[in-house]
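# Observations on the model geometry
The chain contents come next:
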Amino acid sequence: MSTQLLPQDQIDESMLMLNEWNLEDNDFGQLVKEIEFETPEKTFELVLKIGKISKKVGRIPDILIHSNGKFVELMITNYEYEGITQKCLDLAFEIDGIL
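Since the model is a prediction, treat every value here as computed from it, not as a measurement. (Residues numbered from 1 in each chain as written. Predicted model: local features only at pLDDT ≥ 70, side-chain atom pairs only at ≥ 80, totals over all residues. Heavy atoms only, no water.)

### So, the side chain of Gln30
- Position of Gln30 relative to the elements: it lies in strand β2 (residues 29–36).
- Ignoring anything within four residues of it in the chain, the contact list for Gln30 reads Asn22, Leu23, Glu24, Met75, Ile76, Thr77 and Ile84. (Helix = DSSP H or I, 4+ residues; strand = E, 2+ residues; numbered from the N terminus. Contact = heavy atoms within 4.5 Å.)

Shown next, in the form of structure tokens:
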């Protein structure tokens, strides 16, 4: 199966099923989710779990950790294709499954 950008209607439909993800259109489309934790340890536990999921799905998110390690921003896009592919959505759904 070849990688290709998804049509906007398919992205919009998937966004309705994702839990608190936003669709941002900076230079190109990306899925963004912000999560706040009580401790930095909980943040790093999530990052490790995302690493395992990313390997399985074949897509790695950008992860920004700040506010003393208690706040995480996840950004998923396909830089090669400059937008959202099926693997991007698959990763977002998998991440929702561990939260």
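### Thoughts on a nonpolar patch on the surface
- A surface patch of nonpolar side chains, about 350 Å² in accessible area, is lined by Leu16, Met17 and Phe93.
- By secondary structure assignment, the location of Phe93 is in helix α3 (residues 86–98). (Patch = residues over 30% accessible without salt bridge, like charges linked within 9 Å, V, L, I, M, F, W, Y side chains within 5 Å. Areas by Shrake-Rupley, 256 points an atom, 1.4 Å probe, with all protein chains shown as cover. Salt bridge = Lys/Arg side-chain N within 4 Å of Asp/Glu carboxyl O.)

### Some points on the packing of aromatic side chains
- Across all of its chains, the model carries one aromatic pair by this definition.
- Look at Phe28 and Tyr79: their rings are 5.7 Å apart centre to centre, the planes differ by 80°, and that puts the pair in the edge-to-face class. In this pair, Phe28 is assigned in the loop between β1 (22–25) and β2 and Tyr79 in the loop between β4 (71–76) and α3, connecting sequence segments 51 residues apart. (Phe/Tyr/Trp six-rings, centres within 6.5 Å; stacked < 30°, edge-to-face > 60°.)

### A few points about the sheet that holds β2
- Sheet architecture is open: four strands sit in the order β1-β2-β4-β3, paired in antiparallel fashion. In the strand order of this sheet, the two ends are held by β1 and β3 (62–66), each with one partner. With direction set aside, neighbouring strand axes in the sheet form an average angle of 25°.
- As paired elements, β2 and β4 share six bridges and run antiparallel to each other. (Pairing = 2+ DSSP bridges. Axes fitted to C-alpha atoms, helices over the stretch in contact; angles between N-to-C directions.)

### Describing the packing of helix α2 (residues 40–57) against α3
- In contact at an axis separation of 10 Å, α2 and α3 are set at 140° when each is read in the N-to-C sense. Considering the angle they form, α2 stands oblique to α3. In terms of crossing hand, the pair formed by α2 and α3 is right-handed. Contacts between α2 and α3 involve Leu46, Lys49, Ile50, Ile53, Ser54, Lys56 and Val57 from the former and Lys87, Asp90, Leu91, Glu94, Ile95 and Ile98 from the latter.
- Residue composition of the contact of α2 with α3, by class: seven nonpolar, one polar and five charged. (Parallel < 35°, antiparallel > 145°, perpendicular 65-115°, else oblique. Left-handed = near helix turned anticlockwise from the far one by under 90°. Nonpolar A, V, L, I, M, F, W, Y, C, P; charged D, E, K, R; others polar.)

Read these as spatial facts, not as claims about activity.
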